[in-house]
Amino acid sequence: MTQPRTRRDVFRLAGFSAAGLALAACGVQGQKAAPPKADAVADYWAKQKKNGKVVFANWPEYMPEDKGPLEKFKKDTGIAYEYKEVIQENAEFFGKADPVLRAGQSLGYDIVVMTNGIQLQHMIELGYVVPLDHSKLPNFDANAGQKYKERPYDPGNKYTVPYTSGVTGIAYNTKYVKDEITSIEALFDPKYKGRVGMMADAQEIANFGMIALGIDPEKSTEADWNKAGEKLKAQRDAGIVRKYYDQSYIDAVSKGDVWLTMAWSGDVFQRQLAGEPVKFVVPAEGGTIWTDNMLIPKGAANPVDALMLMDYLYQPAVAAELDEYIQYVTPVPAVQDLLREKAKTAKGEDKKALEDMVNSPLMFPSAADYAKLRNYVQLTTQQEQVFNPIFQSITQA
């Protein structure tokens, strides 16, 4: 239970894979689809039936090794499953999926998990995602936290429901940093010259540049992006940044190669469970919340079975089993109490690990933390051509 788990071992958004560079350079092919009409959505679902099978495409290390939740689903519903760890990064996945879906062909998956951001936005805008039938999502409607029903990138959960969430904040090694870090300005402080890690992802670093300037990324403009770019460029040119990292930042801060760094909450919590001297904080100015979302791609062979599985994962007991393994932020608030009850009867290291989970703001952020968290800016294809080069010119220089 305490073994480190992360689906972000290879998580990098557009700009660092060949697919991402290609998309950033030439935009997304295809025409923006008109929003589906209610009658068309109802007609689609009226024609679908349960087939007894579902194919689930997910990230590595994002489901218990014994496939416990999926095995329970199979036993309870009679629906067989195929589980495929085929998503390595959003840009790469979209780059492969786009020509297939554009040609009207099926990806061969009934559920796909994608992070909110540029690629998910394109999937929705191009009509590649099946609108959900919420009459078949009673567990989601009953058990999802309100914050997971009010997401700017998919209002009303029309196309997606959350799988899990995480927070981008600051991690620091308490062996080397004796001050209590509370402000995002610590990442720009010359006294940490050469000992600061920043993320290589354009959206992540852009958010922190804007938050440091008091700009809400969700409401940002091109002028704001340029201001953030200048601040981040000055940070780089002053030698404050040791490196722009992908997942490897967590090893760097744990070993002391960097003393403080942008970080993902789940990674840090796993290192804390292992006893490493790494602390995580949501800066006073704010941090970023991201969500990995389940969706049904256009052309899915088993949409009813897929919707049943998506809803099944919103049963609190099932969500608790999943979150105990993933150790990120669950969209089901009742999980915290279930893990608390389980901790009461656990023993030894398992008991301590469960207590640490229950009490960790990295898995269960406080209301004050949530109030400080921001999403990524929603970008049109035209805006991407401006946004991406501003921040890629910093991280790739």
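Right above here is the structure, for reference.
What comes next is a walk through the structure.

Reading the values: the criteria
Residues numbered from 1 in each chain as written. Predicted model: local features only at pLDDT ≥ 70, side-chain atom pairs only at ≥ 80, totals over all residues. Heavy atoms only, no water. Core = buried A, V, L, I, M, F, W, Y, C linked by side-chain atoms within 4.5 Å. Buried < 20%, exposed > 50% of the residue type's maximum accessible area, 1.4 Å probe, protein only. Helix = DSSP H or I, 4+ residues; strand = E, 2+ residues; numbered from the N terminus. Contact = heavy atoms within 4.5 Å. Axes fitted to C-alpha atoms, helices over the stretch in contact; angles between N-to-C directions. Parallel < 35°, antiparallel > 145°, perpendicular 65-115°, else oblique. Nonpolar A, V, L, I, M, F, W, Y, C, P; charged D, E, K, R; others polar. Phe/Tyr/Trp six-rings, centres within 6.5 Å; stacked < 30°, edge-to-face > 60°. Lys NZ or Arg CZ within 6 Å of the ring centre and 35° of its normal. Expected span 1.5 Å × (residues − 1).

**Observations concerning the nonpolar core**
- Core analysis: the biggest nonpolar cluster contains 130 residues, and Phe56, Tyr163, Leu187, Met294 and Phe391 have the highest contact counts within it.
- The greatest single-element share of this core, amounting to 7 residues, is contributed by helix H7 (residues 202–212).
- What Met294 contacts, discounting residues up to four positions off in sequence, is Phe56, Ile111, Val112, Val113, Tyr159, Thr160, Val161, Pro162, Tyr163, Met310, Leu313 and Tyr314.

**Brief notes about the packing of H7 against helix H16 (residues 381–395)**
- Here H7 crosses H16 at 90 degrees, and the two axes come no closer than 9 Å. Looking at the two axes, H7 sits roughly perpendicular to H16. Here H7 contributes Ala202, Gln203, Ile205 and Ala206 to the contact with H16, which in turn contributes Phe387, Asn388, Phe391 and Thr395.
- A per-class count over the contact of H7 with H16 returns 5 nonpolar, 3 polar and no charged.

**What about the packing of aromatic side chains?**
- Taken as a whole and assessed by the stated rule, the structure comprises 11 aromatic pairs.
- For the ring pair Phe56 and Tyr163, a centre distance of 6.2 Å and an interplane angle of 85 degrees mean the geometry is edge-to-face. Taken together, the residues span a long stretch of sequence, with Phe56 in strand E1 (residues 53–58) and Tyr163 in strand E4 (residues 161–173) at a distance of 107 residues. Tyr163 matches Phe56 in its accessibility class, with the two residues each being buried.
- Within the aromatic cluster, the residues linked to one another by ring pairs are Phe56, Tyr62, Tyr83 and Tyr163.
- The ring of Phe140 has Lys149 sitting right over it, with the charged end atom 5.7 Å from the ring centre.
- Above the ring of Phe188, the side-chain terminus of Lys231 is found at 4.4 Å from the ring centroid.

**Some remarks on H16**
- The first and last C-alpha atoms of H16 sit 21 Å apart over 15 residues, in line with the 21 Å expected at 1.5 Å per residue.
- Within the sequence span of H16, burial applies to Glu384, Phe387, Asn388, Ile390, Phe391, Gln392, Ile394 and Thr395.

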